[in-house]
Amino acid sequence: MRKVLRFAPFANRLAMSVPAHIQLLRCITNYKALRYASPVSTLAEKLVNRMVEKSTRNGGKYVSVHLRFEEDMVSFSCCIYDGGAAEKYELASFREAEWKEKFKRKDREVNPGLNRIDGKCPLTPLEVGLLLRGMGFDNSTSIYIASGKIYQAERHLKPLLKMFPLLYFKETLATAEELAPFKGYSSRLAALDYTVCLYSEVFVTTQGGNFPHFLMGHRRFLFNGHAKTIKPDKRKLVVLLQEKTIRYTPLSMLLIDVGEHGKQLCGTAQCDAVNDGLILCTCICLN
């Protein structure tokens, strides 16, 4: 006989101020008692092991990136990229089909330029690559991309793949037969991504949302309060990326300075690495 204990909801954030023993109970419930169904956990474990095998030159360590650059995310952000008029029309049509008149209301102002300055635009694969290379990750780094179907993947992934040839997805780690039972179930596919990211040496979050927030909490619990996480402040990052006159070496030096400063500050909890106010990365460190 299995017994089930049900808790009435009283808070939806682990950051809420509650007694330590209640907080611990919530963490144990979320991160130990709750488990994925066997088909999910079995394949997820295989993907983690395969990712470790692909990363043997780095001691089995790899970087995971939550890349929110799917068509719905790009469209919803109302940001403009480099696809010209065709892209603008395509994304506008997608918004109209998915959200009807929501973006045409008089009280809704759509300002792509302001969105980018405010850090609301999803980072492109190229921008993620520049961030990682600038912070010192070289082309021998194994990278796992957690993502749905990337918007215009062939075009946008090409520069990232050139910078990081050891680039993997669940679709490249698993066989078509293994993924077949998961097709059409976005939550199950996300669970696979979640598990591979959970055990990565470094986790990079680019857009926020429930997935990275849950994952960062889980990683801190799993690694006793320490986990390497890169969370770029896009408001400051965009200042560097939109500077047309800056060359790669100065950009790299700025980001490397941030990384080195973060290493010096890393203690037992979390640190904010700041370089002359240009970019802010939250770094939750694993010793």
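Residues numbered from 1 in each chain as written. Predicted model: local features only at pLDDT ≥ 70, side-chain atom pairs only at ≥ 80, totals over all residues. Heavy atoms only, no water.

A. Fine view of helix α10 (residues 186–198). A rise of 1.5 Å per residue sets the reference length of α10, with its 13 residues, at 18 Å; its end C-alpha atoms lie 18 Å apart and thus fit the reference within 8%. What α10 keeps buried is the set L189, A191, L192, D193, Y194, T195, V196, C197 and L198. (Helix = DSSP H or I, 4+ residues; strand = E, 2+ residues; numbered from the N terminus. Expected span 1.5 Å × (residues − 1). Buried < 20%, exposed > 50% of the residue type's maximum accessible area, 1.4 Å probe, protein only.)

B. Expanded view of helix α1 (residues 20–33). An ideal rise of 1.5 Å per residue puts 20 Å on 14 residues; α1 measures up with 18 Å between its terminal C-alpha atoms. Turning to α1, the residues buried within the fold contact α11 (210–222). (Contact = heavy atoms within 4.5 Å.)

C. How the structure looks around unusual backbone geometry. One non-glycine residue, C78, lies in positive phi territory at about 60 degrees. Counting through the fold element by element, C78 comes out in the loop between α3 (71–77) and α4 (84–99). A relative accessible area of 6% places C78 in the buried class. Even without glycine at this site, Q152 takes up a positive phi of about 45 degrees.

D. Geometry of the nonpolar core. Ranked by internal contacts, the top residues of the largest apolar core, which has 29 residues, are V65, L67, F69, L132, I143, I145 and V204. The set of elements that each furnish at least two residues to this core consists of β1 (63–66), α6 (125–134), β2 (143–146), α7 (153–163), β4 (202–205) and α12 (234–241). By size, the runner-up hydrophobic cluster in this structure holds 26 residues, among which are A191, F203, F211 and M216. (Core = buried A, V, L, I, M, F, W, Y, C linked by side-chain atoms within 4.5 Å.)

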